[in-house]
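Overview (structure and organization)
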Amino acid sequence: MRKKPIYAKPRPKSLGKPKPFNKKTKSYKKAKRKADKLFGKKVSLYKNIYISKMVRKKKWVLYLIIIFH
């Protein structure tokens, strides 16, 4: 049996409501540029998931740099 695609699954209640990206940050702009290259210009769920992962990763790295600096 194959797994359901992401868009066919309901959103987990533990995540809460979706929040919009802060489109003014450098990390968002960089992630968006990279996602546009990978997935094309159209908006898609997979592209948004990629952007959110990249932005989260960037925040985590900045957090570690601040702590250990």
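Here we summarise the structure given alongside this text. (Residues numbered from 1 in each chain as written. Predicted model: local features only at pLDDT ≥ 70, side-chain atom pairs only at ≥ 80, totals over all residues. Heavy atoms only, no water.)

Here we look at the packing of aromatic side chains
One pass over the structure, following the stated rule, counts 2 aromatic pairs. Each ring, one from Phe21 and one from Tyr28, has its centre 5.4 Å from the other, and the planes form 35°; the classification is tilted. For Phe21, a relative accessible area of 29% puts it in the partly exposed group. Ring centres of Phe39 and Tyr50 lie 5.7 Å apart, and the angle between their planes is 65°; this geometry places the pair in the edge-to-face category. Taken together, the positions of Phe39 in helix α1 (residues 26-39) and Tyr50 in helix α2 (residues 45-68) put the pair 11 residues apart, joining distant regions of the chain. Of the residues examined, Phe39 reaches a relative accessible area of 39% and is grouped as partly exposed. (Phe/Tyr/Trp six-rings, centres within 6.5 Å; stacked < 30°, edge-to-face > 60°. Buried < 20%, exposed > 50% of the residue type's maximum accessible area, 1.4 Å probe, protein only. Helix = DSSP H or I, 4+ residues; strand = E, 2+ residues; numbered from the N terminus.)

Comments concerning the pattern of salt bridges
The final tally for this structure, using the stated rule, is 3 salt bridges. Between Asp36 and Lys32 there is a salt bridge, with its nearest N and O atoms 3.1 Å apart. Remark: Lys32 and Asp36 occur in helix α1; sequence separation between them is 4 residues, near one turn of the helix. Judged by its relative accessible area of 27%, Lys32 is partly exposed. Among the salt bridges present, the one from Asp36 reaches Lys41, with a minimum N-O distance of 3.9 Å. Assessed through its relative accessible area of 69%, Lys41 is described here as exposed. Ionic contacts of the salt-bridge type, sharing partners, join the residues Lys32, Asp36, Lys41 and Lys47 into one network. (Salt bridge = Lys/Arg side-chain N within 4 Å of Asp/Glu carboxyl O.)

Topic: a positive patch on the surface
Judged by side-chain charge, Lys26, Lys30, Arg33, Lys34, Lys37, Lys57 and Lys58 come together as a positively charged surface patch. Within the residue set of the positive patch, elements represented by two or more residues are α1 and α2. Residue contributions to the positive patch peak at 5 residues, all from α1. Of note, Arg33 is situated in helix α1. For Arg33, a relative accessible area of 54% translates into the label exposed. (Patch = residues over 30% accessible without salt bridge, like charges linked within 9 Å, V, L, I, M, F, W, Y side chains within 5 Å. Areas by Shrake-Rupley, 256 points an atom, 1.4 Å probe, with all protein chains shown as cover. Lys, Arg positive; Asp, Glu negative; His and termini not counted. Charge placed at Lys NZ, Arg CZ, Asp CG, Glu CD.)

A short note on the nonpolar core
With 6 residues, the main nonpolar core is built from Tyr28, Ala31, Ala35, Tyr50, Ile51 and Val55. Where this core is concerned, the elements lending two or more residues are α1 and α2. Setting aside anything within four residues of it in sequence, one finds Ala35 in contact with Gly40, Lys47, Tyr50 and Ile51. (Core = buried A, V, L, I, M, F, W, Y, C linked by side-chain atoms within 4.5 Å. Contact = heavy atoms within 4.5 Å.)

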